[in-house]
Each structure stands twice: as C-alpha cells, then as structure tokens.
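Secondary and tertiary structure notes
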Amino acid sequence: MAEDVAVSEETLTDGLTLLVNMGKVLLHNAKEEAADSLENFVPHKITTLFGLITAGAKFYSSIEVKKKCEAEAVWQKSCHNAAVREQVQELQQLEKEWDSFLESVDKDLQTTDVQLSGGKTADSLSPETLFTDGRSGNVEGAQLWLEQTGCTFDILLDPQRKVYRSFGLGSSYAKVMKFGCLLQYSDYVVANIDFPDFPHRLLEDIYQLGGDFLLDSAGKVLLSHPSKSPLDRPTVEDVLQTVDSAGQSANSAYKQKL
C-alpha cells in the first residue's frame, strides 16, 4: 500500500523531475511533428506519445509503488517540501498542455465522439442486425485477439461500424491518449501485464472509443455506458443491478398477463 512506502524526498523529487522532463520532450516533439504535417503526424507518428507509459512505469518503480493512485498518495504526503511541490506543479501543468494539444488535434482533424457531444443514440437494436462471427468468420485480427487474450466468450464483429455509429460512438485522440489515462496504463507495465501485440497491418482505428451496452432478447437497450476514456467502464454491480431490474420487470409483466 502507498501509505507503507517510505521514500526519501530527494528520490521523489528526482523521479518526478525525470518524468516531467521526459513528458516535455515527448510533447515538444509531437507538437513539432504536428506543425510540420498533421496528416503525417496522425495516425502513426502520434504513437510516440505512448512513451509516457514507459516513463510513468519507471517513475513508479523508482519510488517503489505499483499504481498511479499510490504514486499520488506518496507525493501528496511530501508536498510540504518545496522541491517536491514544484515538480508536482510542473507535472500538473504538463498534463494540461498535453491534453490541450490533443484536443487541438481532434479539432483540426474534426475527430469527434458524437455521444459525448450530445448526439442521439439508438435505444434498440434490430434482431435482424447482421454481424460477423469473430471465431468462424476468418477475420485475422479477431483470431489474433482471441489467441492473445484467451477470451472464451462469443465475439461478434461489426465491420462497417453500423452498430457502433448507431450507439453514438466515435474516435478521439484526446480521450484515448489523455495524460492521466496513459499514466494509468503504466500500472500494467509495472505489473508485467502484456498488451495485445498486433502487427501494424492489422491495426485500424485504435483511437475508437467503445462502451458497454446491455440488451434484452428483443434488442432493447437496458444499459448504455459510452466510455469517456479507454478505462471507463460500468461497475459489475451496475450491470447486475440492471439485469436484476429487467428480470423483475419481465416477471411483473408476465404475471399481469396471467
């Protein structure tokens, strides 16, 4: 636990300084690349910003924590120290500039998450909607994902993204590569959790924002949770509560018919 971590203020300051400096270099290079040619910068050169994940993992390791929340707890305990406080402020300023830059990329490329912009979403899905079976549809990317994740659930694909759009979802560099979100991914690096490894030829839009939707047998949407970031998911309790409520409503309707 973070409260049990004993780290010297000098070590903490040095770690924060290194993280801030690395982040500044990544952001500076990204801004220069984007200014030179935004079309060349996106979607491939922008991936250099993922270097923040590695930088964050090195910082966590240097102060002997495993999670972003634990790192924050450590520096909050030492904010009485002027040097630590200064570097925390530098980190917070870098985060603002980082996120602002990505928002400008979204704006310039007219990339949008329609759902979060107030777009209307479908409240049902036709039972006749056609999907491709991810296991038998001979889709290479899906097969590779299944192999690497060990997923045992059914997987249905929507190659034309018709369902995706009907639920009001879109793409956003600012939300997928948000500063805080990338540092959250550092948790996985420290824990030695591997990310799925896809060859570049199979990568499509990695900046899509997904979501979690629960439908009944008739295709009615019971729960709609468009993700505000790649890590934004409904709780298991929320999902189970929705299922329970739907079951109670169905039982009530059935009894009324009797």
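Before reading on, note that the structure itself is shown above.
Cut-offs applied
- Residues numbered from 1 in each chain as written.
- Predicted model: local features only at pLDDT ≥ 70, side-chain atom pairs only at ≥ 80, totals over all residues.
- Heavy atoms only, no water.
- Phe/Tyr/Trp six-rings, centres within 6.5 Å; stacked < 30°, edge-to-face > 60°.
- Helix = DSSP H or I, 4+ residues; strand = E, 2+ residues; numbered from the N terminus.
- Buried < 20%, exposed > 50% of the residue type's maximum accessible area, 1.4 Å probe, protein only.
- Pairing = 2+ DSSP bridges.
- Expected span 1.5 Å × (residues − 1).
- Contact = heavy atoms within 4.5 Å.
- Axes fitted to C-alpha atoms, helices over the stretch in contact; angles between N-to-C directions.
- Parallel < 35°, antiparallel > 145°, perpendicular 65-115°, else oblique.
- Nonpolar A, V, L, I, M, F, W, Y, C, P; charged D, E, K, R; others polar.

1. Re the packing of aromatic side chains
Aromatic rings considered in pairs are described by the distance between their centres and by the relative angle of their planes. A full pass over the atoms with the stated rule returns seven aromatic pairs. Where Trp-98 meets Phe-179, the ring centres are 5.4 Å apart and the plane angle is 75 degrees; that geometry is what we call edge-to-face. Of this pair, Trp-98 sits in helix H5 (residues 82-108) while Phe-179 is found in helix H9 (residues 179-190), placing the two residues 81 residues apart along the sequence. The class for Phe-179 is buried, based on a relative accessible area of 1%.

2. Some thoughts on the pairing of strand E3 (residues 211-215)
When E3 meets strand E4 (residues 221-226), the two strands line up antiparallel, connected through five bridges. Bridging from a neighbouring strand, Asp-212 pairs with His-225 of E4. Linkage of E3 to E4, two consecutive antiparallel strands, is achieved through a turn of five residues, within which Gly-219 is found at a positive phi near 95 degrees.

3. Overview of helix H3 (residues 51-62)
Its 12 residues place the ends of H3 17 Å apart at the C-alpha level, agreeing with the 16 Å of an ideal helix rising 1.5 Å per residue. Inspection of H3 places Leu-52, Ile-53, Ala-55, Gly-56, Ala-57, Phe-59 and Tyr-60 among the buried residues, and these make up the whole buried set. Packing partners of the buried residues in H3 comprise helix H1 (9-36), helix H4 (68-77), H5 and H9. A positive backbone phi angle near 60 degrees is found at Glu-64, which sits one or two residues after H3.

4. Quick word on the packing of H5 against H9
The angle between the axes and the distance between the axes are what describe a pair of packed helices. In contact at an axis separation of 9 Å, H5 and H9 are set at 115 degrees when each is read in the N-to-C sense. As the angle between them shows, H5 and H9 are arranged roughly perpendicular. For the pair H5 and H9, contact is made by Leu-91, Leu-94, Glu-95, Trp-98 and Asp-99 and by Phe-179, Gly-180 and Leu-182, respectively. Considered class by class, the residues forming the contact of H5 with H9 number five nonpolar, one polar and two charged.

5. Some details on the environment of Gly-211
Inspection of the secondary structure puts Gly-211 in strand E3. Overall, Gly-211 belongs to the partly exposed group, its relative accessible area being 27%. Sequence separation between Gly-211 and Asp-232 is 21 residues; the distance between their C-alpha atoms is 8.1 Å. Setting aside residues no more than four positions away along its own chain, Gly-211 makes contact with Leu-169, His-225, Pro-226, Ser-227 and Arg-233.

6. Some points on unusual backbone geometry
The backbone of Glu-64 shows a phi angle near 60 degrees, a positive value even though the residue is not glycine. On the secondary structure map, Glu-64 appears in the loop between H3 and H4. For Asn-192, which is not a glycine, the phi torsion comes out positive at approximately 60 degrees. Inspection of the secondary structure assignment puts Asn-192 in the loop between H9 and E3.

7. Some remarks on the side chain of Gln-87
Residue placement: Gln-87 occurs in helix H5. A residue is classified by how much of its surface remains accessible, and Gln-87, at 12% relative accessible area, is buried. Not counting chain neighbours up to four residues away, the residues in contact with Gln-87 comprise Thr-13, Leu-16, Thr-17 and Val-20.

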